[in-house]
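So you can see what is in the structure, the chains are spelled out below.
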Amino acid sequence: MKRTFFTICVVCAIASLSSCRSAKEVATVSDINGEWSIVEINGSEVVLSEGQEYPFIGFESTTGKVYGNSGCNRIMGSFDTNAKPGSLDMGALASTRMMCPNMTLENNVLNALKNVKGYKKMGENIALTNSSNRPVVILTHKIVVSKTASLEGEWKIVEVNGEAVPSDLEKKPFLNFDVNKKRVHGNAGCNMINGVFMTKEDNQTAISFPPMAATMMACPDMTLEKKILKALTEVKTFDLNNKSVGLYSENGTLVLKLAK
């Protein structure tokens, strides 16, 4: 009888410890909120070229938005914020289609993300897991450097919805950012425009432009101006690349390109 009682106690103790350990490992949607660097893929450490940044993925736990960069191209998608804790299905992520010198890392990232079905804690990191609960991607907190500061100053509008802005215009369209005041002014091709821009603390690439005030001059051709003003209302994110800025719509379409 004593031996049986002792055995039962040991089994209970082991079960209790296992339960506690499992509870600590269970992650909720709030644990994955924010931006994460992708540092390991299918058991192999991500190796970067000189000057290259880690690919990253970001989750907005309030909206279910997924965004990031797979090493060259931007990625975007969504997930169910009400799913069972530890469960994650991002479906088919959309991606921009730029060609880069080395697409190996990008392809590895995208192929791994296709297999993600869940997530769990690994110390301070997060593991994105496959249907067998095995890690396919390891994430670590992204060191966030404010990108909006780099928008400071005047930028020429050089492209609208994939079409180059003519270089011989009398009035060159431009945007001038005052980052501290979160204000922007410029010229849309005919009239002067003034307004503000909005960002998000938990998404360093998010930016939007509420409707801007504009002067009321009539010009011979208002087509370009109308396209620029419409494009500004569609902007949701931005991306910096050397001395150019891309402003993108909700679905990742490049609607405006700016250059110094």
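Now for a description of the structure that goes with this document.

Criteria and cut-off values
- Residues numbered from 1 in each chain as written.
- Predicted model: local features only at pLDDT ≥ 70, side-chain atom pairs only at ≥ 80, totals over all residues.
- Heavy atoms only, no water.
- Helix = DSSP H or I, 4+ residues; strand = E, 2+ residues; numbered from the N terminus.
- Buried < 20%, exposed > 50% of the residue type's maximum accessible area, 1.4 Å probe, protein only.
- Disulfide = S-S within 2.5 Å.
- Expected span 1.5 Å × (residues − 1).
- Arc of directions from axis to C-beta.
- Contact = heavy atoms within 4.5 Å.
- 1 Å grid on protein atoms, 1.4 Å probe; cavity = no way out; pocket = protein on both sides within 12 Å on 5 of 7 lines; lining within 4 Å.
- Points joined across faces, edges and corners; volume = space filled by probe spheres on them.
- Nonpolar A, V, L, I, M, F, W, Y, C, P; charged D, E, K, R; others polar.
- Pairing = 2+ DSSP bridges.
- Phe/Tyr/Trp six-rings, centres within 6.5 Å; stacked < 30°, edge-to-face > 60°.
- Lys NZ or Arg CZ within 6 Å of the ring centre and 35° of its normal.

**As for the side chain of Asn 176**
- Note that Asn 176 resides in strand S12 (residues 174-178).
- Residue class for Asn 176 comes out buried when judged on its relative accessible area of 18%.

**Description of the state of the cysteines**
- Applying the stated rule across the entire model yields one disulfide.
- Note that Cys 190 is cross-linked by a disulfide to Cys 219, the S-S spacing being 1.7 Å. The sign of the 70° torsion about the S-S bond sets the Cys 190-Cys 219 disulfide as right-handed. Linking Cys 190 in the loop between strand S13 (183-187) and strand S14 (192-196) with Cys 219 in the loop between strand S17 (213-214) and helix H3 (223-234), this pair joins segments that are 29 residues apart in sequence.

**Considering H3**
- Counted at 1.5 Å a residue, the expected span for H3 with its twelve residues is 16 Å, and the 17 Å between its end C-alpha atoms agrees.
- The set of residues buried in H3 consists of Glu 225, Ile 228, Ala 231 and Leu 232. Projected onto a plane normal to the axis of H3, the buried residues spread over an arc of 130° and lie on a single side. In H3, those exposed residues whose orientation departs by more than 90 degrees from the buried face are Lys 226 and Lys 230.
- Lining the buried residues of H3 we find strand S10 (153-160), S12, S14 and strand S20 (254-259).

**Quick notes on the layout of surface pockets**
- Computed from the structure, the largest pocket encloses a volume of approximately 1,200 Å³.
- What lines the largest pocket is a set of 47 residues, among which Asn 69, Gly 71, Cys 72, Asp 239 and Leu 240 lie closest to the centre.
- At the level of elements, strand S4 (65-69), strand S5 (74-78), helix H2 (104-114), strand S18 (237-241), strand S19 (244-248) and S20 are the ones that each hand at least two residues to the lining of the largest pocket.
- Sorting elements by how many residues they give to the lining of the largest pocket places S18 first, with five residues.
- Partitioning the lining of the largest pocket into residue classes produces 18 nonpolar, 17 polar and twelve charged.
- By volume, the second largest pocket is sized at about 300 Å³.
- The wall of the second largest pocket is formed by Pro 166, Leu 169, Glu 170, Lys 171, Gly 189, Cys 190, Cys 219, Pro 220, Asp 221, Thr 223, Leu 224 and Glu 225.
- In terms of residue class, the lining of the second largest pocket is built from six nonpolar, two polar and four charged.

**Looking at H2**
- Here H2 has its buried residues at Leu 105, Glu 106, Val 109, Ala 112 and Leu 113. Buried residues of H2 fall within an arc of 135° about the axis and therefore sit on the same side.
- Contacts made by the buried residues of H2 are with strand S1 (34-41), strand S3 (56-60), S5, strand S6 (94-95), strand S8 (125-129) and strand S9 (135-141).

**Brief notes about the pairing of S1**
- Burial analysis of S1 places six of its eight residues in the buried class, the great majority of the element.
- Across four bridges, the pairing between S1 and S3 is antiparallel. Residue Ser 37 lies in a different strand from S3, and its bridge partner there is Phe 56.
- Alignment of S1 against strand S2 (residues 44-45), held across two bridges, turns out to be antiparallel. Considered in S2, the bridge of Glu 40 is made with Glu 45.
- Taking the residues that link successive antiparallel strands as the turn, the S1-S2 hairpin has two residues, and the phi of Asn 42 there is positive, at about 50°.

**A short note on the packing of aromatic side chains**
- Applying the stated rule across the entire model yields four aromatic pairs.
- Each ring, one from Phe 59 and one from Phe 79, has its centre 5.6 Å from the other, and the planes form 90°; the classification is edge-to-face. Residue Phe 59 is found in strand S3, and its partner Phe 79 is found in the loop between S5 and S6; the two are separated by 20 residues along the sequence. One exposure class covers both Phe 59 and Phe 79, and it is buried.
- Their ring planes at 70° and their centres at 5.5 Å tell us that Phe 177 and Phe 197 sit as a pair that is edge-to-face. Here Phe 197 lies in the loop between S14 and strand S15 (198-200) and Phe 177 lies in strand S12, a separation of 20 residues in the sequence. Each of the two residues, Phe 177 as well as Phe 197, counts as buried.
- An aromatic cluster is defined as three or more aromatic residues linked by ring pairs; in this entry it consists of Phe 177, Phe 197 and Phe 209.
- The lysine or arginine in question, Lys 142, covers the ring of Phe 56, its NZ or CZ lying 4.8 Å from the ring centre.

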